[in-house]
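Observations on chain architecture
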Amino acid sequence: MRPRSMLSQAGMSSSTLVMTNTEALDEGRWTTTGSSPTLLRTSLADTERGCSPTVDKHIDFWAASQDDLDTIMAAHPLPPTRQDRLAVSSFELWSAYRMLFLLVFSTNMAVLAAFLVPTSSISADLTSPNVATAAASNLLVAIMARNEHVVNLLFRSAVGVPFWVPLCIRSYSAKVYSYGGVHSGCAVAAVAWYVAYVGLVTRATVLGQENQGVVALAYCILSLLVSISVFAHPTIRIRHHNLFELVHRFAGWTIVVLFWAQTLLVAALQARRTASSFHRTIIKTPVFWLLIIITLLIAYSWLRLRRRSVRAEYLSSHAVRLHFDYGRRRVCEGVRLADRPLKETHSFAVIANPDGQKGFSIIVSNAGDWTSRLIRNPPSQIWVRGSPTIGMLHVALAFRKVVLVTTGSGIGPCLSIFGGRPDYRASIVWSARNPLRTYGEGIVADVLAADSGAVILDTRRTGRPDLVRLAYSLYHESSAEAVLVMSNARVVHGVVSELKARGVPALGPIFDSFMERSDLLSGVCLHLKAKEGLTEGVQNIAEE
């Protein structure tokens, strides 16, 4: 049953939105003609003169009032949680991302510990070349886990599970977007292995068995690895994201260059000691081949850097839609954009043009200095780096039907699903501040084309909605298999946790940090503060 049907059974009108404040009248207003809402343009001057509005464009737009929301939520009341809230919070500590991190990191540390135990059978293999190989291997896997083609293969494999497979298995398969745990786990493990390497070469230097140039390079590489790790800490990464990105990029490149210098120097010294040729020595060095692959992977996305023409569609002072005229995009792919590629890059979900037409668009909303500048001064050309990469919402295809809960510009990634699969079945809940004015008629029309009964919330009228109760009710009403949430970190954590505590398969982006303390602690606070059966915490942090 669709939301409108639920309202009809309750004896309420499904066409309720009439904006009467001065600002709304000046901008244009929604009203209804008969039973079908129509978008009307009425200037403030016309209203004061008593003139009738004229129809600008017919749009079947249903913006829910608070009474409508109460009716929808009453159809399937939110039950008490199945688990103690502290238990649920503890469960969230062991997310798929963190489990992958711990699996990768602990496995590496177990092997390193075995090397360090003098009585173990492999302690004799604790040599600087072997430890350097372990460090380089972890760096390679960490970089591969970010390669767009590897990521795309993982997603396509995960959503390729047939629908006859039990839902619990498909739900676990859908957590493929937690692959970032492998990236961070291998990266931190590489630092640990390299610490051991520095210790070995330092001892060898003290004993007069190692060249001082090798040691100097080792300490330079270690300092850069530690710098990247420090700036990748969630607190620093969130507060100083541009600085994190610069350190991550340039320190990473410098590490590869120094690693090459160190490998070539060690091979030259080894060739001299063994009276062997340099090329024979270097091709027998595992780190040499690992560095070749690492270098190619890093260079790949930059070799695909292109300056593309773009047409900007101004939506409001808060958002702009950028249209590109090349390529045919698939479901939930994303592109990386930059006006200064060496300084910062930003990823956006693409909305494919309808009917398989060439080109696509993205929605950019005001979320910081870069996006604000882009909205104020839309470019005619912009840099696009690398190949399109599949995003988190692609996992919707692992389910027959889902409920999509989103706030603000999160509607962009949601629409990305329907650009490639217009026939996909989903119920949409979209909460935004004045969605028609902020994102324009085109976006609203696209939402309604994807789901004619979409629940579109104007937070100026309804206040911050109870997204948990709405999602729960629509999940049962539409017979969906899962709920997918696309919003800011705290809303995602709050809604997903509350739904999981009631047995609903719920998924949302993890914002890709091993210990996102601020988001994690806010989520724990939500569980501790919320009363049984209520979700005030989520309401208070819901994005307008």
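Here we summarise the structure given alongside this text. (Residues numbered from 1 in each chain as written. Predicted model: local features only at pLDDT ≥ 70, side-chain atom pairs only at ≥ 80, totals over all residues. Heavy atoms only, no water.)

**Examining the pattern of salt bridges**
Convention followed: For this document, the term salt bridge refers to a Lys or Arg side-chain nitrogen within 4 Å of an Asp or Glu carboxyl oxygen. Secondary structure elements are taken from DSSP: a helix is a run of H or I of four residues or more, a strand is a run of E of two residues or more, and numbering for both begins at the N terminus. Exposure is judged per residue with a 1.4 Å probe applied to protein chains only, and the accessible area is read against the type maximum: over 50% gives exposed, under 20% gives buried, and values in between give partly exposed.
One pass over the full model with this rule turns up 13 salt bridges. The residue R336 makes a salt bridge to E148 at a minimum N-O spacing of 3.2 Å. With a gap of 188 residues between them, R336 in strand β7 (residues 333–338) and E148 in helix α8 (residues 148–159) connect regions that are remote in the sequence. The buried category is assigned to R336, whose relative accessible area is 19%. By relative accessible area, E148 is classed as buried at 3%. Residue D423 pairs with R421 through a salt bridge whose shortest N-O separation is 3.3 Å. Accessibility expressed as a relative area gives 33% for R421, which makes it partly exposed. Connected through shared salt-bridge partners, D339, R340, E344 and R373 make up one network.

**Focus on the sheet that holds strand β4 (residues 306–309)**
This is how it is decided: Paired strands, as defined in this entry, are two strands with at least two bridges between them according to DSSP. A fitted line through C-alpha atoms serves as each axis, taken over the contacting stretch for helices, and the angle formed by two N-to-C directions is quoted from 0 to 180°. Throughout, a contact is declared for two residues whenever any of their heavy atoms are within 4.5 Å.
One open sheet accounts for four strands, arranged β4-β11-β7-β8; its pairing is antiparallel. Whereas interior strands pair on both sides, the edge strands pair on one side only; in this sheet they are β4 and β8 (346–349). Between one strand axis and the next, the sheet turns by 45° as a mean value, whatever way the strands run. Alignment of β7 against β8, held across four bridges, turns out to be antiparallel. Each bridged residue has a counterpart across the sheet, and for L337 the counterpart in β8 is H346. Relative to the sheet, helix α16 (residues 369–376) contacts β7, β8 and β11 (381–390), its axis offset from that of β8 by approximately 65°.

**Some points on unusual backbone geometry**
Positive phi outside glycine occurs at C332, with the angle close to 55°. With respect to the secondary-structure elements, C332 resides in the loop between β6 (319–324) and β7. Overall, the relative accessible area of 5% leaves C332 in the buried class. The backbone phi angle of S479 is positive, close to 55°, even though this residue is not glycine. Among the secondary structure elements, S479 is positioned in the loop between α20 (467–477) and β15 (482–486).

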